[in-house]
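Letter by letter, the chains look like this.
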Amino acid sequence: MNPMSILKIKALFEKFKGNHPKIPMFFSAASKVMGEGSIIEINVTTADGKNLCTNMRVTADDLELLSQLKDIATKN
C-alpha cells in the first residue's frame, strides 16, 4: 500500500473521529462483545426519507478480517 495513501486515510479518519466521536467508541465496545454468529445490521435514511437496511451474520472469516484490519490500523 502506498505510504501517502495511508497518511491521507489516517488524516481523514482523524477528521471523521472529530466529527463523529461516538462512532469509534461504539465500534470499540461492539468489538469486545461481537463473536461468530452475531448479527450486524446497518440502516441508512437518506435526506429525502428513503430507508435502506441490510444485515449480516458474523462468521469466523469476518472476525479474522477484522482482526487483520485492526492490526494494520494500530501499526500505522
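Presented here is a report on the structure given in the accompanying data block. As the structure is a computational prediction, the values presented were derived from the model and not from experiment.

Another aspect to go through is the overall build of the chain. Summing up its helical and strand segments, the chain has three helices and two strands in all. The N-to-C order of helical and strand elements in the chain reads α-α-β-β-α. Scaling as 2.2 N^0.38, a compact globule of 76 residues should have a C-alpha radius of gyration of about 11 Å, whereas the chain reaches 15 Å, well beyond that. The C-alpha extent of the chain, read off along each of the three principal axes, is 35 × 35 × 20 Å. Taking all 76 residues of the chain together, 3% fall into the buried category. Surface exposure of the chain reaches about 6,700 Å², of which carbon and sulfur atoms provide 63%.

Here we take up helix α2 (residues 22-33). Since there are 3.6 residues in each turn of an α-helix, residues three or four apart along the chain are aligned in direction. Taking 1.5 Å per residue as the helical rise, α2 with its twelve residues ought to reach 16 Å, and the 17 Å between its terminal C-alpha atoms agrees with that figure. Where burial is concerned, little of α2 is hidden: one out of the twelve residues are buried.

Once that is clear, we can look at helix α1 (residues 3-19). The terminal C-alpha atoms of α1 lie 24 Å apart, and with 17 residues this matches the ideal 24 Å at 1.5 Å per residue to within 8%. The residue sitting at the N-terminus of α1 and contributing the capping side-chain oxygen is Asn2; that oxygen lies 2.8 Å from the backbone nitrogen of Met4.

With respect to the helices and strands, Thr54 occurs in strand β2 (residues 51-57). With relative accessibility at 46%, the residue Thr54 sits in the partly exposed group. In contact with Thr54, not counting residues within four places along its chain, are Ile40, Glu41 and Ile42.

Before going further, it helps to spend a moment on the layout of surface pockets. Taken as a whole, the largest pocket holds about 1,500 Å³ of empty space. The wall of the largest pocket is formed by 33 residues, among which Phe13, Phe27, Leu69, Lys70 and Ala73 lie closest to the centre. Secondary structure elements with two or more residues in the lining of the largest pocket: α1, α2, β1 (39-45) and α3 (60-75). Considering only residue class, the lining of the largest pocket consists of 21 nonpolar, six polar and six charged.

What follows covers a negative patch on the surface. A cluster of like negative charges, contributed by Glu36, Asp61, Glu64 and Asp71, occupies part of the molecular surface. Note on placement: Asp61 falls in helix α3.

The next point concerns the packing of aromatic side chains. Counting across every chain of the model gives two aromatic pairs. Taking the centre distance of 5.4 Å and the plane angle of 70° together, the rings of Phe26 and Phe27 count as edge-to-face. Phe27 shares its class with Phe26; the two are exposed.

Reading guide: rules and limits
- Residues numbered from 1 in each chain as written.
- Predicted model: local features only at pLDDT ≥ 70, side-chain atom pairs only at ≥ 80, totals over all residues.
- Heavy atoms only, no water.
- Helix = DSSP H or I, 4+ residues; strand = E, 2+ residues; numbered from the N terminus.
- Rg over C-alpha atoms; globule rule 2.2 N^0.38 Å.
- Buried < 20%, exposed > 50% of the residue type's maximum accessible area, 1.4 Å probe, protein only.
- Areas by Shrake-Rupley, 256 points an atom, 1.4 Å probe, with all protein chains shown as cover.
- Expected span 1.5 Å × (residues − 1).
- Polar contact = N/O pair within 3.5 Å; in protein donor to acceptor, adjacent residues only side chain to side chain.
- Contact = heavy atoms within 4.5 Å.
- 1 Å grid on protein atoms, 1.4 Å probe; cavity = no way out; pocket = protein on both sides within 12 Å on 5 of 7 lines; lining within 4 Å.
- Points joined across faces, edges and corners; volume = space filled by probe spheres on them.
- Nonpolar A, V, L, I, M, F, W, Y, C, P; charged D, E, K, R; others polar.
- Patch = residues over 30% accessible without salt bridge, like charges linked within 9 Å, V, L, I, M, F, W, Y side chains within 5 Å.
- Salt bridge = Lys/Arg side-chain N within 4 Å of Asp/Glu carboxyl O.
- Lys, Arg positive; Asp, Glu negative; His and termini not counted.
- Charge placed at Lys NZ, Arg CZ, Asp CG, Glu CD.
- Phe/Tyr/Trp six-rings, centres within 6.5 Å; stacked < 30°, edge-to-face > 60°.

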